[in-house]
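Chain residues, written in single-letter form:
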Amino acid sequence: SCPDRLFASEIQSKLQTKILGKRIYYFDVLPSTMDAAESLARQHAPEGTVVIAEAQTKGRGRRGRQWISPKYKGIYLSIILRPDTAPGASSLITILAAVAIYEAISGLTGLEIELKWPNDIMFQNKKLGGILIELNAEADVVHSVVVGCGINVNSDKNSLAPASGSLKECLKAPVDRVALLKEILRAIEKYYLLFQHGRSAQILQAWRGHSNTLGSRVKVSSLNQQIEGQAVDIDSDGALLIRQDSGVIRKIFSGDVLNCKPD
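Residues numbered from 1 in each chain as written. Predicted model: local features only at pLDDT ≥ 70, side-chain atom pairs only at ≥ 80, totals over all residues. Heavy atoms only, no water.

Attention now goes to the overall build of the protein. Summing up its helical and strand segments, the protein has six helices and twelve strands in all. By the compact-globule yardstick of 18 Å for 263 residues, the protein fits well, its C-alpha radius of gyration being 18 Å. Across its three principal axes, the protein shows a C-alpha extent of roughly 60 × 45 × 30 Å. Taking all 263 residues of the protein together, 52% fall into the buried category. Nonlocal contacts in the protein, meaning residues at least 24 apart in sequence, comprise 63% of its contacts between residues at least 6 apart. Per element, the accessible surface of the protein, about 12300 Å² overall, is 49% carbon and sulfur. Computed over 32 positive and 27 negative side-chain charges, the separation of the two mean positions in the protein equals 3 Å. (Helix = DSSP H or I, 4+ residues; strand = E, 2+ residues; numbered from the N terminus. Rg over C-alpha atoms; globule rule 2.2 N^0.38 Å. Buried < 20%, exposed > 50% of the residue type's maximum accessible area, 1.4 Å probe, protein only. Contact = heavy atoms within 4.5 Å. Areas by Shrake-Rupley, 256 points an atom, 1.4 Å probe, with all protein chains shown as cover. Lys, Arg positive; Asp, Glu negative; His and termini not counted. Charge placed at Lys NZ, Arg CZ, Asp CG, Glu CD.)

Okay, structure coming up:
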């Protein structure tokens, strides 16, 4: 039997990707896979380079929040991409990563997870994972995008943040982390290549089909303001469209979304 470790040799065996995972840096413990990947990106690491840690001491999510990363229990990785796109289109990478993770988890486990805009992987109102995107860009060119993914795989309830869950808890059985990570890399590459070939509409449509945000009344906290209304769609660059009670459609590029209970 193989050890439950995300060794590069285990991940690369029969991976069969064209870009992702050709170079993998594996660490037992890191402060943050994002920091390590960003450092490698500045040193001109090739596109598709992956950084994996079995645990993080300073794992982070959006807006500098802590990402709890118990050792040998989750998947914590960052991927270096170098898309040929303007900085404004890079928010679609969050969307494509979410769709890819949905496909990987549902395909391997059969679990009907949901996607919460902009970056959460959910099951029955519990957060199973999240996505973090950080750019190195100028006004008109992207030098690199680091895509961070954190998935609670075999974590026990007492090791997780409140309102979080794990795949093991949902399934009442442990999940093969190596097999899941391989599926995630294959799926991210699949949707990234669609993005690179101008087929973003296909990615957006897939996200819409798995969303628990669209059609709901939501409250979005963003840039010291709160906007409440009906989440009606995402547009071509992945922004959330909210119809306020006045009928005005607001376009939201980032923020924390709270699904409001019906009156």
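Once you've had a look at it, read on.
A word on helix α3 (residues 91-109). Taking 1.5 Å of rise per residue, 19 residues should cover 27 Å, and α3 covers 28 Å from first to last C-alpha, within 8% of that figure. Of all 19 residues that make up α3, 14 are buried, and the element is covered over most of its length. Looking at the residues trailing α3, positive phi occurs at Gly110, about 80 degrees. (Expected span 1.5 Å × (residues − 1).)

The next point concerns the packing of aromatic side chains. A full pass over the atoms with the stated rule returns two aromatic pairs. Between the aromatic rings of Tyr192 and Phe195, the centroid separation amounts to 6.3 Å while the plane-to-plane angle is 25 degrees, which identifies the pairing as stacked. Taken as a pair, Tyr192 and Phe195 lie in helix α5 (residues 177-196) at a separation of three residues, close to a single helical turn. Sitting over the ring of Tyr72, Arg5 keeps its end group 3.5 Å from the ring centre. (Phe/Tyr/Trp six-rings, centres within 6.5 Å; stacked < 30°, edge-to-face > 60°. Lys NZ or Arg CZ within 6 Å of the ring centre and 35° of its normal.)

Another aspect to go through is the sheet that holds strand β10 (residues 240-243). Taken in spatial order, the five strands of this open sheet run β11-β10-β9-β8-β12, and their pairing is antiparallel. The strands lining the two open edges of the sheet, one partner per strand, are β11 (249-252) and β12 (256-259). When strand polarity is set aside, the average angle formed by the axes of neighbouring strands in this sheet is 45 degrees. Pairing geometry for β10 and β11, over four bridges, is antiparallel. Residue pairing in the sheet places Arg243 in a bridge with Ile249 of β11. (Pairing = 2+ DSSP bridges. Axes fitted to C-alpha atoms, helices over the stretch in contact; angles between N-to-C directions.)

Strand order across the open sheet formed by seven strands is β1-β2-β3-β7-β6-β5-β4, with mixed pairing between neighbours. Two strands bound the open sheet, and with one partner strand each, they are β1 (24-27) and β4 (114-116). Each adjacent strand pair in this sheet contributes to an overall mean axis angle of 20 degrees, direction not counted. In the sheet, strand β2 (residues 50-53) pairs with strand β3 (residues 74-81) via four bridges, with the strands oriented antiparallel. Across the sheet, residue Val50 finds its bridge partner in β3, namely Ile79.

Any two side chains of opposite charge can pair, given that their charged atoms come close. Throughout the structure, instances matching the rule amount to 16 salt bridges. In this structure, Glu228 engages Arg217 in a salt bridge whose closest nitrogen and oxygen atoms are separated by 3.1 Å. With Glu228 in strand β9 (residues 225-234) and Arg217 in strand β8 (residues 217-222), the pair connects residues that are eleven residues apart, well separated along the chain. Overall, Glu228 belongs to the partly exposed group, its relative accessible area being 31%. Looking at Arg217, the relative accessible area reads 28%, which means it is partly exposed. With a shortest N-O distance of 4.0 Å, Glu228 and Lys219 are connected by a salt bridge. Classification of Lys219 as partly exposed rests on a relative accessible area of 27%. Through salt bridges that share partners, Asp35, Glu38, Arg60 and Glu134 make up one connected network. (Salt bridge = Lys/Arg side-chain N within 4 Å of Asp/Glu carboxyl O.)

Here the largest pocket is characterised by a volume of approximately 670 Å³. Looking at the largest pocket, it is lined by 38 residues, and the ones nearest its centre are Gly61, Arg65, Trp67, Asp120 and Lys127. Elements supplying a minimum of two residues to the lining of the largest pocket: α2 (33-42), β3, β5 (120-123), β6 (126-137), β7 (142-152) and β12. A breakdown of the residues in the lining of the largest pocket according to their chemical character gives 16 nonpolar, 15 polar and seven charged. (1 Å grid on protein atoms, 1.4 Å probe; cavity = no way out; pocket = protein on both sides within 12 Å on 5 of 7 lines; lining within 4 Å. Points joined across faces, edges and corners; volume = space filled by probe spheres on them. Nonpolar A, V, L, I, M, F, W, Y, C, P; charged D, E, K, R; others polar.)

That is the geometry; function is a separate question.
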